[in-house]
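# Geometric and topological summary
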Amino acid sequence: MSKMRTMEIMVGAFMATGFVALFFLAMQVSNLSTVTESNGYSIKARFDNIGGLKVRSAVTMAGVRIGRVTGIAFDDNTYEAVVTMLIDSERKSIPDDTFAKIYTAGLLGEQYIGLDPGGSEDYLGDGGSIPLTQSALVLEEIIGQVLFSKAEEGDVGE
Amino acid sequence: MIDRLASLGRIGLGSLERLGRGHLLLFGIIGGLSDMVRRPRLLIAQTHSVGVLSILIITVSGLFVGMVLGLQGHYILSQFGAEETLGVMVAASLVRELGPVVTALLFAGRAGSALTAEIGLMKATEQLSGLEMMAVNPIKRVLTPRFAAGVISMPLLAAMFSAVGVIGGYFVGVGLLGVDDGAYWSQMQAKIDLREDVFNGIIKSLVFGVVCSWIALFQGYDATPTSEGVSRATTRTVVHSALAVLGLDFVLTALMFGED
């Protein structure tokens with residue numbers, strides 16, 4: 001009987017350790033502790049080109065993450081990308097003349113949306129949209145522009 | 001010529017027959033699961049021998065696999081100046097692939113072979129027939145608890161493997177090679193998704209648990225009841241389990257992570 005008891009205790013300890021390991025993976029390794037998607041409000045922004053932006057990309061203000069991209073759609077009429085963002089509910093005061101830009105983290109890193117607050121006293125609510133946007137920088141376009149301007153300089157020099 | 005054809009046919013029929021017997025056995029085992037609830041003692045005893053006694057090999061292997069991942073990952077990533085993503089690399093490869101797969105391989109070697117030898121010897125010494133004579137269904141009484149114990153133990157062992165591996169990678173990456181402490185964890189938390197990565201890994205290890213236990217029990221139950229037959233069945237368990245795990249891993253990975 002007591003042998004059975006020690007066995008029961010050891011099996012109990014085994015299962016508890018297994019669940020602790022699962023809990024560790026969920027809390028410490030994955031993003032469960034950083035996700036607060038359930039509460040928040042969504043705002044929209046239109047971009048000419050979103051580059052490599054993806055759903056779940058970060059939305060930051062002053063470098064602090066305040067939300068996530070929840071949807072990317074294409075508007076057939078204006079040929080623009082419509083990006084839906086979910087902003088954390090604690091961040092209530094985003095001016096309605098905020099400027100949304102798409103940045104790249106590092107040289108080859110992921111792209112994210114950076115919000116530069118404007119000076120307006122009116123704040124964006126649920127379903128609001130950001131009118132001022134700047135598209136993602138596409139590396140090929142920049143290189144093309146540099147080459148083009150260099151060529152022009154060359155023409156002037158002669 | 002005709003003889004050759006006949007022997008080929010015999011091989012084909014034989015393997016089909018074995019496949020059929022294996023599935024019938026699986027249905028029998030699953031049919032006995034409802035009885036398990038009434039007799040948890042059997043399940044506890046088997047979880048002890050299958051799961052608890054495997055903890056040591058699983059955690060030690062997990063620690064070393066994590067440490068090697070830390071070393072190798074740092075070597076590659078430092079060439080791109082991206083040492084900070086070491087945590088992501090270690091955690092993703094452990095949670096998605098190495099945790100479930102290496103655990104299943106170790107499980108087949110540690111617990112699966114023991115199960116086959118045990119059942120095969122029970123059959124060779126006619127203990128299973130003895131049970132049947134006493135009107136006890138040996139599948140429900142002997143095989144089902146072992147099967148359930150394997151299926152329960154595998155995800156827990158895989159989770160331990162991954163968790164210990166992440167810590168092992170932390171020791172090497174942060175402690176030895178000087179990766180930033182905060183970057184290791186924060187990059188990991190930012191990139192590893194609970195549903196996409198961790199849950200899919202658990203699903204994988206559940207599937208491997210079913211497959212490894214099933215193969216081990218079937219090989220034991222189907223063994224030729226001689227000492228040579230049991231030894232051959234034990235070898236087959238390890239080989240078949242390893243092949244099945246690696247093959248299934250590819251299929252599952254293609255289904256889960258194939259299209260992003």
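Residues numbered from 1 in each chain as written. Chains lettered and ligands numbered in written order. Predicted model: local features only at pLDDT ≥ 70, side-chain atom pairs only at ≥ 80, totals over all residues.

Counting its regular elements, chain A contains two helices and eight strands. Each helix and strand of chain A, ordered N terminal to C terminal, gives the series α-β-β-β-β-β-β-β-β-α. When burial is assessed residue by residue, chain A has 21% of its 158 residues classed as buried. Contacts spanning at least 24 positions in sequence make up 61% of the contacts within chain A whose residues lie at least 6 apart. (Helix = DSSP H or I, 4+ residues; strand = E, 2+ residues; numbered from the N terminus. Buried ≥ 20, exposed ≤ 12 C-beta atoms within 10 Å, placed from the backbone. Contact = placed C-beta atoms within 7 Å.)

What follows is about the pairing of strand β3 (residues 64–75) of chain A. Residue and element names in this part refer to chain A. By the bridge criterion, four bridges tie strand β2 (residues 58–61) to β3 in an arrangement that is antiparallel. The residue of β3 that forms the bridge with Met 61 is Val 64. Turn length for the β2-β3 hairpin, with the two strands adjacent in sequence and antiparallel, is two residues, and the turn residue Ala 62 shows positive phi of about 55 degrees. For β3 and strand β4 (residues 80–88), the ladder comprises eight bridges, and the chain directions are antiparallel. Note that in β4 the partner of Asp 75 across the bridge is Glu 80. Hairpin connection from β3 to β4: four residues lie between these consecutive antiparallel strands, with Tyr 79 at a positive phi of about 60 degrees. (Pairing = 2+ DSSP bridges.)

Turning our eyes to something else, we now look at the sheet that holds β2(A). All names here are of chain A. Within the open sheet, the eight strands sit side by side as β7-β1-β4-β3-β2-β6-β5-β8. Their pairing is mixed. Every other strand in the sheet has two partners, leaving β7 (129–130) and β8 (132–134) as the edge strands with one partner each. Bridge count for strand β5 (residues 99–104) against strand β6 (residues 111–116) is six bridges, and the pairing is antiparallel. Its bridge partner being in β6, Ile 102 is matched across the sheet by Ile 113.

Each partner contributes residues to the interface: chain B has 24 residues there, and chain A has 20 residues. Broken down by element, the side of chain B that touches chain A gets its largest block of residues, six residues, from helix α7 (residues 138–176) of chain B. Taken together, the residues that form the side of chain B that touches chain A break down as 17 nonpolar, five polar and two charged. (Nonpolar A, V, L, I, M, F, W, Y, C, P; charged D, E, K, R; others polar.)

Look at helix α10 (residues 227–257) of chain B: 44 Å from first C-alpha to last across 31 residues, which is about the 45 Å you get at 1.5 Å a residue. Looking only at α10(B), the buried set comprises Val230(B), Ala233(B), Thr234(B), Thr237(B), Val238(B), Ser241(B) and Val245(B). (Expected span 1.5 Å × (residues − 1).)

Positive phi, close to 55 degrees, is recorded for Ala62(A), a residue that is not glycine. For Ala62(A), the position within the fold is in the loop between β2 and β3. Positive phi is not limited to glycine here, since Glu126(B) has a value of about 60 degrees. Looking at the secondary structure, you find Glu126(B) in the loop between α5 (86–124) and α6 (127–133).

Moving on to the environment of Met154(B). All names here are of chain B. For Met 154, the position within the fold is in helix α7. Of the residues examined, Met 154 has 30 C-beta atoms within 10 Å and is grouped as buried. Expressed as a C-alpha distance, the spacing of Met 154 and Gly 51, which sit 103 residues apart in the sequence, is 7.6 Å. The residues contacting Met 154, other than those within four sequence positions of it, are Thr 103, Ala 104, Phe 107, Ser 205, Leu 206, Phe 208 and Gly 209.

Proteins that are soluble and globular tend to have nonpolar side chains buried together. Judged by nonpolar contacts, the single largest core of 63 residues is most densely connected at Ala91(B), Ala104(B), Leu157(B), Met160(B), Cys212(B) and Leu217(B). Taken together, the elements giving at least two residues each to this core come down to α1 (2–29) of chain A together with α4 (55–78), α5, α7, α8 (181–191), α9 (194–221) and α10 of chain B. Here the element with the most residues in this core is α7(B); it accounts for 19 residues. For Leu217(B), the residues in contact, after removing those within four places along its chain, are Leu115(B), Ile119(B), Leu143(B), Arg146(B) and Phe147(B). (Core = buried A, V, L, I, M, F, W, Y, C linked by C-beta atoms within 7 Å.)

Further remarks concern the packing of α5(B) against α7(B). Residues and elements named next belong to chain B. Axis separation between α5 and α7 bottoms out at 7 Å; the angle between their running directions is 145 degrees. Viewed along their axes, α5 and α7 form a crossing whose handedness is right-handed. Of the residues assigned to the contact of α5 with α7, the class counts are 18 nonpolar, seven polar and one charged. (Axes fitted to C-alpha atoms, helices over the stretch in contact; angles between N-to-C directions. Left-handed = near helix turned anticlockwise from the far one by under 90°.)

This part is about the confidence of the model for chain A. This prediction gives chain A a mean pLDDT of 82; 90% of its residues lie at or above 70. Averaged pLDDT values for the elements of chain A fall to 80 in helix α2 (residues 139–157) of chain A and rise to 89 in β4(A). (pLDDT = per-residue confidence, 0-100.)

Right, let's talk about the confidence of the model for chain B for a bit. Residues of chain B with pLDDT of at least 70 account for 99%, and the chain-wide mean is 90. Both scores are available for the predicted complex, with the pTM at 0.74 and the ipTM at 0.72.

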